[in-house]
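# Understanding the architecture of this molecule
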Amino acid sequence: MTMTQHAVVIVGGGPTGMMLAAELALAKVDVAIVERRETQDLDGSRSRGLHARTIEVLDQRGVVDRFLSQGQVAQVAGFAWIPLSISDFPTRHPYGLGLGQKEFERILAGWLNELGVRIYRGREVTGFAQDDSGVDITLSDGPSLRAGYLAGCDGGRSVIRKAAGIEFAGWDPTVSCLIAEVQMTQEPNWGMRRDAIGVHAFARLAEGQVGVMVTERQIGPRGEPTLRELSDALVAVYGTDYGIHSPNWISRFTDLTRQAAAYRDRRVLLAGDSAHVHFPVGGQGLNIGVQDAVNLGWKLAQVVKRTSPDSLLDSYQLERHPVAARVLRNTMASIALLRSDDRVEALRETLAELLRMDEPRKRIAGMMSGLDIRYDLGEGHPLLGRRMPDLDLVTANGPRRVFTLLHEARPILLNLGEPGGFEIAPWADRVSIVDARYGGPWELPVLGAVTAPAAVLIRPDGHVAWVGDRTQIGLTDSLTQWFGPPAAA
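Residues numbered from 1 in each chain as written. Predicted model: local features only at pLDDT ≥ 70, side-chain atom pairs only at ≥ 80, totals over all residues. Heavy atoms only, no water.

Quick look at a positive patch on the surface now. Taken together, the side chains of Arg36, Arg157, Lys162 and Arg222 make up a positively charged region of the molecular surface. Turning to its location among the elements, Arg36 is positioned in the loop between β2 (31-35) and β3 (49-50). (Patch = residues over 30% accessible without salt bridge, like charges linked within 9 Å, V, L, I, M, F, W, Y side chains within 5 Å. Areas by Shrake-Rupley, 256 points an atom, 1.4 Å probe, with all protein chains shown as cover. Salt bridge = Lys/Arg side-chain N within 4 Å of Asp/Glu carboxyl O. Lys, Arg positive; Asp, Glu negative; His and termini not counted. Charge placed at Lys NZ, Arg CZ, Asp CG, Glu CD. Helix = DSSP H or I, 4+ residues; strand = E, 2+ residues; numbered from the N terminus.)

Moving on to unusual backbone geometry. Of note in this structure, Lys28 is not a glycine but carries a positive phi near 65°. Position of Lys28 relative to the elements: it lies in the loop between α1 (15-26) and β2. Since its relative accessible area comes to 69%, Lys28 is described here as exposed. Not every positive phi belongs to a glycine, and Gln472 is a case in point at roughly 60°. Along the chain, the position of Gln472 falls in the loop between β29 (464-468) and α12 (475-483). Looking at Gln472, the relative accessible area reads 19%, which means it is buried. (Buried < 20%, exposed > 50% of the residue type's maximum accessible area, 1.4 Å probe, protein only.)

By the alternation rule, side chains of strand β22 (residues 392-395) split into Leu393 and Thr395, which are all buried, and Asp392 and Val394, of which none is buried. Looking at chain direction, β22 and strand β23 (residues 398-401) are connected through 4 bridges and run antiparallel. Opposite Leu393, over in β23, you have Arg400 as the bridge partner. Count of turn residues in the β22/β23 antiparallel hairpin: 2 residues. (Pairing = 2+ DSSP bridges.)

On the secondary structure map, Gln130 appears in strand β9 (residues 125-130). Along the primary structure Gln130 and Val57 are separated by 73 residues, whereas in three dimensions their C-alpha atoms are 32 Å apart. Excluding residues within four positions of it along the chain, Gln130 makes contact with Val135, Asp265, Arg266, Arg267 and Val268. Within the local environment of Gln130, its side chain forms a polar contact with the backbone oxygen of Asp265, the two atoms lying 3.1 Å apart. Within the structure, the side chain of Gln130 is placed 2.9 Å from the backbone nitrogen of Arg267, a separation counted as a polar contact. (Contact = heavy atoms within 4.5 Å. Polar contact = N/O pair within 3.5 Å; in protein donor to acceptor, adjacent residues only side chain to side chain.)

Along the chain, the position of His51 falls in the loop between β3 and α2 (52-60). Take His51: its relative accessible area is 2%, and that puts it in the buried class. Excluding anything up to four places from it in sequence, His51 contacts Val76, Ala77, Gly282, Gly283, Gln284, Asn287, Met368 and Ser369.

In spatial order, the strands read β23-β22-β25-β24-β28-β29; together these 6 strands make up an open sheet with mixed pairing. The open sheet has two edge strands with one neighbour each: β23 and β29. Between one strand axis and the next, the sheet turns through 35° on average, direction left out of account. (Axes fitted to C-alpha atoms, helices over the stretch in contact; angles between N-to-C directions.)

Here it is, written out as structure tokens:
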């Protein structure tokens, strides 16, 4: 029996898996997704929106308007439900976007369809075996697949992570919540409530449905929660269940907090919830998964095409593991502040007072929004390792935004000094040179104003890999490190 072959197979067609597939497809890599759902339809609420950096990432690929047109600009950044404004941040998108995961996935799936990505629906991966040249992937039904690389984007209970034997270390749950869409015979107490048990809320949804979230007295059992359990939890908090009936869905989430010890085992990679799980407070999960994908995609594409050595993939874990570790820490801190006895309330009020001050607000909001991320690329200009601002440039071909230059997911050497003077011929097939002028301010979130650089090398993920001038000191090393050795003359 002949095996179907792909350069990369992604297991899991949620936000992370689809974003990774898009990045690989833009690089003209043969990629396929295996997804156990028969359709893209999603039960339940999941993520409610996008943080500013995720909006920027979609803008870098030229698809952001599809999402903005379907969502609502919203106050998203917050710490332990203390709202944090980013309206004064230097970004084209100083806001969050209220957009349910169901819609987010539907729009992404439409983009993937345009990019021609193959999706094997209604299939489950049962295991894999990797050798020196690729990975054999066994499916629950039908023939197996062969891939050069396998990406596990299959969620917190990841089959891929478990089969790879990668440790998922962290902290066991201390709290569990039920979340549901139901109908009620009585009018509930709308809005949010915090008490000694935890946080609870009722929200009006379309067509007479009610969104419910309730914290349970004890950590609930594993397995699918029942209407009876939801009723009991509501009675414990409100003294009544308001006559709940006809649930669309009910699910349970906890503050289980874990992170994969390794994001890579040879030809197998993990991204999104497969690599990190945490309580949803702060709404960071989907966002860092999508950003994992944008960090990994171009690197994996270069390795598949053999322009870069396999070792480039090690930088994926080096850069993304600390980002998720920080999210795990801030969600654990938030959980501690959401408990509601008098002492915690006093602490929360103290913190809220601090977060009304500019410096602490900017620091924490920069973290929650993802706008402050800096990959450790060594000492140097403050831009090094940070996201490139979306400047309005003047070029020989008219005005251009930096993010427009990134639509094809190719690296850019942006020369802001005298035109010409940069010699990168051995990388000309991989890196585009753009001569431009920019006269405005250079500002970074949290840091503020920075010195205007003469030239920057921008990676496909929008992060700055080199800052310098026409002396080109360090440029050759940086080009080789990120975009492979020079082509032979």
